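Below are the chains, spelled out letter by letter.
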Amino acid sequence: MIPKQIRISPRLEAVVKALPLRPGMRVLEIGCGPGPAARAVAHLIGEGHVLAIDRSEKAIVQAERNAREEINFGHLEFRQVAIEDFELELGEEHFDLAFAIRVGALDGRHPQVGQKALRQIAKALKPGGRLYIDGGNPLREIAIANYR
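One structure accompanies this document, and this report is about it. Since we're looking at a predicted model, the values are computed, not measured.

What follows concerns the pattern of salt bridges. A full pass over the atoms with the stated rule returns 11 salt bridges. When the shortest N-O distance is used, the salt bridge between Asp134 and Arg11 registers 3.2 Å. Of the two residues, Asp134 is situated in strand E5 (residues 125-134) and Arg11 in helix H1 (residues 10-18); the sequence distance between them amounts to 123 residues. A salt bridge links Arg109 to Asp107, with the shortest nitrogen-to-oxygen separation between them at 2.8 Å. Relative accessible area serves as the criterion here: at 30%, Asp107 is assigned to the partly exposed category. Three or more residues joined by partner-sharing salt bridges are found here, namely Glu77, Arg79, Glu89 and Glu92.

This is the structure in structure tokens:
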């Protein structure tokens, strides 16, 4: 259940509830903005971990301010980076699942950047890891195996 103190739009709440989350997962959110979906996911996966990224410094600053509790518990981390430039840090574990909402590199608005972004996501996911983006009802899964 998403705690009431997390202010999340009905649209983002529907996305979060549609994700196949389970306790202990490692989740990558791409294009997190001010972080409400990342915070909600962090609560739903319990002892798991969420890394939320955004290319905007302003968004990351705001997200970190909004998520002090989750960050302090070690369940949520934010990083400023564009998905097409994202790489796992040395020793960082791969992710079980990645999701993105309204990210131009993944929704067809920027196809060349999208190809690079998909390769970077594939490298960050565990074998069998899954990628979800908006555009379905409310999500659609993107096959990532061909980008490994």
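Still more ground to cover, so stick around.
So, on to helix H3 (residues 57-66). Inspection of H3 places Ala59, Ile60 and Ala63 among the buried residues, and these make up the whole buried set. Around the axis of H3, the buried residues are gathered within 95° of arc, so they sit on the same side. The exposed residues of H3 that point more than 90 degrees off its buried face are Glu57 and Lys58. Next to the buried residues of H3 lie strand E2 (49-54) and strand E3 (76-80). Taking the backbone nitrogen of Lys58 as reference, a side-chain oxygen 3.3 Å away marks Ser56 as the first, capping residue of H3.

Before going further, it helps to spend a moment on the packing of aromatic side chains. Counting across every chain of the model gives zero aromatic pairs. If you follow Arg26 out to its NZ or CZ, it ends over the ring of Phe95, 4.5 Å from the centre.

Its location among the elements puts His75 in the loop between helix H4 (68-72) and E3. Taking the relative accessible area as the measure of exposure, His75 reaches 16% and is therefore buried. Dropping the residues within four chain positions of it, His75 is found in contact with Ala42, Gly46, Glu47, Gly48, His49, Val50 and Glu70.

Conventions and cut-offs
- Here the residue numbers are simple positions, counted from 1 along each chain's written sequence.
- Thresholds applied to this predicted model are a pLDDT of at least 70 for local features of residues and 80 or more for the giving and counting of side-chain atom pairs; totals over whole chains, interfaces and linings are not thresholded and use all residues.
- Only hydrogens and water are set aside when side-chain values are computed; all heavy atoms of the structure are taken into account.
- Every case where a carboxyl oxygen of Asp or Glu lies within 4 Å of a side-chain nitrogen of Lys or Arg is listed as a salt bridge.
- A run of H or I in DSSP becomes a helix once it reaches four residues, and a run of E becomes a strand once it reaches two; helices and strands are each numbered from the N terminus.
- Accessible area is worked out with a 1.4 Å probe on protein chains only. A residue is then buried under 20% of its type maximum, exposed over 50%, and partly exposed in between.
- To obtain the arc, one takes the directions from the helix axis to the C-beta atoms.
- By definition, residues are in contact when any of their heavy atoms lie within 4.5 Å.
- Pairs of N or O atoms are called polar contacts if they sit within 3.5 Å, as long as, within protein, a hydrogen donor faces a hydrogen acceptor (for residues adjacent in sequence, only side-chain-to-side-chain pairs).
- Between 30 and 60 degrees the pair is tilted, below 30 it is stacked and above 60 it is edge-to-face, where a pair is any two Phe, Tyr or Trp rings, Trp via its six-membered ring, whose centres lie within 6.5 Å.
- When the NZ atom of lysine or the CZ atom of arginine is within 6 Å of a ring's centre and also within 35 degrees of its normal, the charge is said to sit over that ring.

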